[in-house]
Amino acid sequence: MRADLERRRAVSREAARRRRRVESDMFGDLSRLLPLPTSVRPHLDKPSVIRLAVSYIRLKALVTDKVYSGLALRGGGGGVGGVHLDCKDESDVYLRNLEGFVMVLSCEGDMMFLSENVSKYLGLTQIELMGHNLLDFTHPCDQQEIRSHLRLSSEEYWCDAKRDFVMRIKSTLTLQGRSTNIKSASWKVLHCQGRTKARVGPASVSCLLLTCQPLPVTHTHLSSHTFSSEHSMDMRFTHCDHRVITLLGYSPHELVGRSVYDLCHTLDTNRLTKHHINLLLKSQSVSAKYRMLVRSGGYVWVESHSAVVPGAKPLRLRPCAFQPLFIICVTYVLSGVEEPSLQLSLDQMLYHRQLSGCSESGNTLTKASRLTSL
């Protein structure tokens, strides 16, 4: 009786070892099929192999679709990660100039693909993120907005709809550039821009293609078409540099105490308000393109990069909190003056009245000088 029991146990243990051996061989074969560096494959656990395999299957279905024929996966030699070397070199140039990374999201929010340089900005590697849901790494207060951008309306299935939003995502990089544990991760603000891609059919392929840039953008240059300003938390000017004179016609001391909304085109107020709300909630933001009024008449198209500068001393009532001191803003003027004869604000009307008054007084003085000469 006991011998039979021991024999059955031995047979069961051998069957379990065989199953584990077959399972390990299957996962080993599957990991070798993944377009990953050889040094990475031995360190993958079984859940990671399944997660990456599903991501690459979905990505291949996306890339081989005729709708996305501009991209092409090529297996075999001559490629790195399944992508042809020429394409990879060209992509590296784009990513360096972008100062950000590329992300492909499914309509459920799964990260189907991220460019390899994502670790430079988030500290998390491409392999650690691919296959996971984006909402698992984003700030809880931003998840509702992200879901709204992932949803496609009936019209967006037939055309590429634009997406432009700001979100906070986990980053394991410290301010000193060191890497920390995911449990100690901080929030990094990303400016995400891109388009939706959708196809209705038996093999439906839908995704969101995004370029993600960390804020503040490091390549901010104050050129002749750029001016910087400081604002209170309600967006009233507290300081502005001298470039605003040549770009908008206002002197810096004229703008102090006035709201930036006074200079915004009425039809673009919603864009500026969205930028302001993002700034208050997330401390950093990039505005959509909007029109700013020129004092002499008309308007120019601009884009503003803004950040909240926190105070160094904590509040008395909340010792752990930091009081925002002011908002610093860099505004890029993207166009020349459009419709210069158009008067859209009281400032523009007063400016033209002053010009007409000066011209009338000049004409009077000219007539008087002619009479005295006679």
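For the structure given in this document, a descriptive report is provided here. As a convention, each chain's residues are numbered from 1 in the sequence order in which they are written. With the structure being a predicted model, the display of local features is reserved for residues of pLDDT at least 70 and the display and counting of side-chain atom pairs for 80 or more, all residues being used for whole-chain, interface and lining totals. Excluding hydrogens and water, the side-chain values take into account all heavy atoms of the structure.

Two distance rules govern patches: like charges are joined within 9 Å, and nonpolar side chains (Val, Leu, Ile, Met, Phe, Trp, Tyr) within 5 Å, applied only to residues with over 30% relative accessible area and no salt bridge. Only the protein chains shown count as cover for residues, and the accessible areas themselves come from Shrake-Rupley with a 1.4 Å probe. Salt bridges are defined as contacts in which a side-chain nitrogen from Lys or Arg sits within 4 Å of a carboxyl oxygen from Asp or Glu. Positive charges come from Lys and Arg alone, negative charges from Asp and Glu alone, with His and the N- and C-terminal ends not counted. Charge positions are represented by NZ for Lys, CZ for Arg, CG for Asp and CD for Glu. A grouping of R18, R19, R20 and R21 is seen on the molecular surface, where their side chains present a positively charged patch. Position of R21 relative to the elements: it lies in helix α1 (residues 2–33). The helix count covers DSSP runs of H or I at least four residues long, the strand count covers runs of E at least two residues long, and both are numbered beginning at the N terminus.

A few words now on the nonpolar core. Counting residues in hydrophobic clusters, the biggest one holds 39 residues, and the most contacted among them are F101, M103 and M167. Element by element, the count of residues in this core is highest for helix α2 (residues 46–63), at seven residues. With residues near it in sequence (within four places) discarded, M103 still touches M111, F113, L114, L134, M167, L208, L209, L210 and C212. Definition used in this section: a nonpolar core is a set of buried Ala, Val, Leu, Ile, Met, Phe, Trp, Tyr and Cys residues joined via side-chain atoms within 4.5 Å. A 1.4 Å probe rolled over the protein chains alone gives each residue an accessible area, and that area as a share of the maximum for its type sets the label: buried under 20%, exposed over 50%, partly exposed in between. Counting 22 residues, the second-largest nonpolar core is a separate cluster that includes L248, Y250, L263 and V302. By definition, residues are in contact when any of their heavy atoms lie within 4.5 Å.

With that settled, consider the state of the cysteines. Disulfide: a covalent bond connecting the sulfur atoms of a pair of cysteines. The disulfide criterion used throughout: a pair of cysteine sulfur atoms within 2.5 Å. Across all of its chains, the model carries zero disulfides by this definition. Looking at the unpaired C240, the closest cysteine sulfur is the one in C329, lying at 9.2 Å. On the basis of relative accessible area, C240 is assigned to the buried category, the value being 6%.

Our next topic: empty space enclosed by the protein. Buriedness for pockets is judged along seven lines, at least five of which must meet protein on both sides within 12 Å for an open set on the 1 Å grid over protein atoms alone, while cavities are sets there where a 1.4 Å probe fits but cannot get out, and lining residues have an atom within 4 Å of a point. Grid points are joined across faces, edges and corners, and a volume is the space filled by probe spheres set on the points. Across all of its chains, the model carries two cavities of 30 Å³ or more by this definition. For the lining of the largest cavity, the secondary-structure elements that each account for two or more residues are β8 (226–231), α9 (269–282), β11 (290–293) and β13 (322–333). Each residue receives one of three labels: charged for Asp, Glu, Lys and Arg, nonpolar for Ala, Val, Leu, Ile, Met, Phe, Trp, Tyr, Cys and Pro, and polar for the others, Gly being one of them. Here the lining of the largest cavity is built from residues that sort into eight nonpolar, five polar and no charged. Roughly 30 Å³ of volume is contained in the second largest cavity. Every residue along the wall of the second largest cavity is listed here: L105, S106, C107, H149, L150, L152, T196, C207 and L208. Within the residue set of the lining of the second largest cavity, elements represented by two or more residues are β3 (101–106), α6 (143–150) and β7 (205–214).

Glancing now at the layout of surface pockets. Here the second largest pocket defines a volume of roughly 820 Å³. W187, K188, V189, L215 and Q284 are, among the 23 residues lining the second largest pocket, the residues nearest its centre. Residue assignment for the lining of the second largest pocket shows that the elements contributing at least two residues are α4 (118–122), β6 (186–199), β7 and β12 (299–314). The leading source of residues in the lining of the second largest pocket is β6, at four residues. Along the lines of polarity and charge, the residues of the lining of the second largest pocket split into eleven nonpolar, seven polar and five charged.

It is worth spelling out α6 at this point. Buried within α6 we find Q143, I146, H149 and L150. The arc enclosing the buried residues of α6, seen along the axis, measures out at 120°, which places them on a common side. To be clear, the arc concerns the directions from the helix axis to the C-beta atoms.

What follows covers the pattern of salt bridges. Opposite charge on two side chains makes pairing possible when the charged atoms of those side chains draw close. Scanning the entire structure with this criterion turns up 15 salt bridges. Residues R58 and D110 are paired through a salt bridge, measuring 3.2 Å at the closest nitrogen-oxygen approach. Of this pair, R58 sits in helix α2 while D110 is found in the loop between β3 and β4 (111–114), placing the two residues 52 residues apart along the sequence. Judged by relative accessible area, which is 30%, R58 ranks as partly exposed. Residues R243 and D241 are paired through a salt bridge, measuring 3.1 Å at the closest nitrogen-oxygen approach.

Take a nonpolar patch on the surface next. Where nonpolar side chains cluster on the molecular surface, the patch consists of L346, M349 and L350 and spans about 270 Å² of accessible area. Following the sequence through the fold, M349 ends up in helix α10 (residues 346–373).

Here the focus is unusual backbone geometry. For S283, which is not glycine, the phi dihedral falls at a positive 75°. Within the secondary structure, S283 sits in the loop between α9 and β10 (284–286). The phi dihedral of E339 falls on the positive side, at around 50°, and the residue is not glycine. Looking at the element boundaries, E339 is found in the loop between β13 and α10. According to the relative accessible area criterion, E339 is partly exposed, its value standing at 44%.

Turning to the environment of G257, a few remarks are in order. Residue placement: G257 occurs in the loop between α8 (252–255) and α9. Sequence separation between G257 and H239 is 18 residues, and the spatial gap between their C-alpha atoms is 8.9 Å. Residues within four places of G257 in sequence aside, it is in contact with R236 and F237.

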